[in-house]
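An overview of the molecular structure
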Amino acid sequence: MRLARPALVGAGSLLLTAAVSGAGAVGATGLAAAGPATPGSAGVVTIRPDAVHALAGALPGPPTTAYCEQHYHIACYLPGQIQRAYDLPRLYRQGVTGRGQTIVIVDSFGSPTVQRDLRRFDQAAGLPAPPSLKVIQPAGKVPAYKPNSNREGWAGETDLDVEYAHTIAPGASILLVETPTSENEGTTGFPQIVTAEKYVINHHLGGVISQSFSATEQTFPSRQSLLNLRGAYTDAARNGVTVLAASGDSGAADTKFNEVTYYLHRVTSWPDSDPLVTGVGGTRLHLNAAGGDVKPATVWNDTYNVATNEFVVGTKGPSPLAGGGGRSVIFGRPGFQNRVRAVVGDQRGVPDISMSGACNGAADMYQSFAGQAAGWYPTCGTSEATPEFAGIVALAGQVARRPLGVINPYLYALSARHARGIVDVTSGNNTVAFIQGGKRHTVRGFRAEPGYDLASGVGTVDAYWFVPELAQAARAASAAPATHRDQG
């Protein structure tokens, strides 16, 4: 997650340290209409991990919900609570654990301790080790780890991604794809991510790719400079690989190229806005100690929550801490969103679906890399939501016994027919506020509504029903598969 703070944006994870079938034609409203990129940014666009770090130290063991509520005045959840929240144990008892599937997680630099950290996480959570956890660097060797804010941010992001993909699909293998830089998207950075992802796709190394990073669309120097980076997604669509991306953690707002100044109007980010990618937004779970719902999930928005702001930012707020969502200025409405044209208009709308991402309702993770204290950290952001949904896709891949490919058409079709596995989110919004230039600004976002909305997408999932529904939709489509042109 790109941690949103008043007059300060953290480049690292939003780890709550105890204390990230349609025509995808370019839309008529492009970057020119939205305003030029930041001066001096030509050819360079910064990508950031989509996860959030707070202020206190690590804990020696995973904190319970009661502990977090007593000591931090926010909720946090153990892996087993997250599993039960999505009705996963009933699937596991049927043998649906992601067996035979591989989840691909792509992160700049990776984590030097990811193998050890996952073992510690699994031991505490009572999870089996994955069939395999492999690390590859197809775009070039990652420099030796040296603690600094950038490397620590990506290491925390990586640990979060791996641990929560594994939480949801404990029987799936994990392939961690590390790239050697995160600096920019001009000559390094995102082009290396494209190279790495193409390698994975062309060598058939996994069925779903999880990306917990993004860049504000308006920070690209031109529309074409963004479109030139789509190669991995068109390859994935041709090869039946599902690609996911986090929708961001600044609600309807986001930062300019300097990573400090917020746009004062609604913006969205890429790659989650790409029609060939499934954009994953954030919800807030309301769980009891057993993982049961105290009330239905709501849109994640901690912007005005004083306790969360004090824990994450160190002030009473407000700070932009909410799931991203809105209308793209790059892509026109894809065919799979024709049913929701009344919401998205002529533009691509995001997110497509949402999972747990709230800071007041954070997920416990473990890390031990140098530069930060080893231990357990409540963690939040769409960086949590995205690998969780990658796990859901892996479960559906096992049931379908085939790659799912671009799943956006299936999500909207399931929503339209009120499939039992789609759980509508009807409460909350992604309006955010912040102090900038000595003034308080509010960027009005979007409200959750019945059906599709720009705060939660089609909603969230009950995996016991959703997994077979998604698998059946993919099997049915395989009789007459759509081309990547038909999908976006």
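The structure contained in this document is the topic of the report that follows.

Conventions used here
- Residues numbered from 1 in each chain as written.
- Predicted model: local features only at pLDDT ≥ 70, side-chain atom pairs only at ≥ 80, totals over all residues.
- Heavy atoms only, no water.
- Helix = DSSP H or I, 4+ residues; strand = E, 2+ residues; numbered from the N terminus.
- Buried < 20%, exposed > 50% of the residue type's maximum accessible area, 1.4 Å probe, protein only.
- Contact = heavy atoms within 4.5 Å.
- Pairing = 2+ DSSP bridges.
- Axes fitted to C-alpha atoms, helices over the stretch in contact; angles between N-to-C directions.
- Salt bridge = Lys/Arg side-chain N within 4 Å of Asp/Glu carboxyl O.
- Disulfide = S-S within 2.5 Å.
- Core = buried A, V, L, I, M, F, W, Y, C linked by side-chain atoms within 4.5 Å.
- Phe/Tyr/Trp six-rings, centres within 6.5 Å; stacked < 30°, edge-to-face > 60°.

1. Brief notes about the side chain of S415
Relative to the assigned elements, S415 resides in helix α13 (residues 408–416). Residue classification places S415 among the buried residues on the basis of a relative accessible area of 16%. Dropping the residues within four chain positions of it, S415 is found in contact with I422 and V458.

2. Concerning the sheet that holds strand β17 (residues 362–367)
Taking strand neighbours across the sheet as the criterion, the three strands line up as β4-β17-β18 in an open arrangement whose pairing is mixed. Of all the strands in the sheet, just β4 (76–77) and β18 (375–379) have a single pairing partner and so form its edges. As paired elements, β4 and β17 share two bridges and run parallel to each other. Within β17, the position partnered with C76 by the bridge is A362. Packing against the sheet, helix α5 (residues 114–125) makes contact with β17 and β18, and its axis sits at approximately 130° to β17. Lying on the sheet, helix α6 (residues 149–168) is in contact with β4, β17 and β18; it crosses β17 at an angle near 115°.

3. Things to note about the pattern of salt bridges
Across all of its chains, the model carries six salt bridges by this definition. When the shortest N-O distance is used, the salt bridge between D346 and R333 registers 3.5 Å. Here D346 is found in the loop between α11 (341–344) and β15 (347–350), whereas its partner R333 is found in the loop between β14 (326–332) and α11, with 13 residues between them in sequence. The exposure class of D346 is exposed, given its relative accessible area of 63%.

4. Comments concerning the state of the cysteines
According to the stated counting rule, one finds two disulfides in the structure shown. The disulfide bridge from C68 ends at C76, spanning 2.0 Å between sulfur atoms. Between C68 and C76 the disulfide shows an S-S torsion of about 90°. By sign, it is right-handed. Taking relative accessible area as the criterion, C68 reaches 0% and is therefore assigned buried. For C76, a relative accessible area of 0% puts it in the buried group.

5. Examining the pairing of β18
A large share of β18 lies buried, amounting to five of its five residues. Inspection of the sheet shows β17 paired to β18 by five bridges, in the antiparallel sense. Across the sheet, the residue bridging to Q367 is G375, located in β18.

6. Some remarks on the nonpolar core
Counting 86 residues, the largest nonpolar core has L88, I103, F389, I392, L395 and F466 as its most contacted members. The element contributing the most residues to this core is helix α12 (residues 382–400), with nine residues. Residues in contact with L395, not counting those within four places in the same chain, are L88, L91, V96, T97, G98, I168, A169 and V467. Membership of the second largest hydrophobic core comes to 34 residues, among which are V106, F109, L229 and V277.

7. Some remarks on unusual backbone geometry
Residues G317 and P318 are joined by a peptide bond in cis, for which omega reads 5°. Examined against the element boundaries, P318 turns out to sit in the loop between α10 (306–312) and β14. The amide bond that connects V350 to the next residue, P351, takes the cis arrangement and shows omega of 0°. In this structure, D87 is a non-glycine residue whose phi angle is positive, near 60°. Under the relative-accessibility criterion, D87 is labelled buried at 17%.

8. Description of the packing of aromatic side chains
The final tally for this structure, using the stated rule, is 16 aromatic pairs. For the ring pair Y412 and Y452, a centre distance of 5.5 Å and an interplane angle of 45° mean the geometry is tilted. On the criterion of sequence distance, the pair formed by Y412 in helix α13 and Y452 in the loop between β21 (439–443) and β22 (460–461) is long-range, its members being 40 residues apart. Neither Y412 nor Y452 differs from the other in exposure class; each is buried. Joined through ring pairs, the aromatic side chains of W154, F190, F213, F220, Y233 and W270 make up one cluster.

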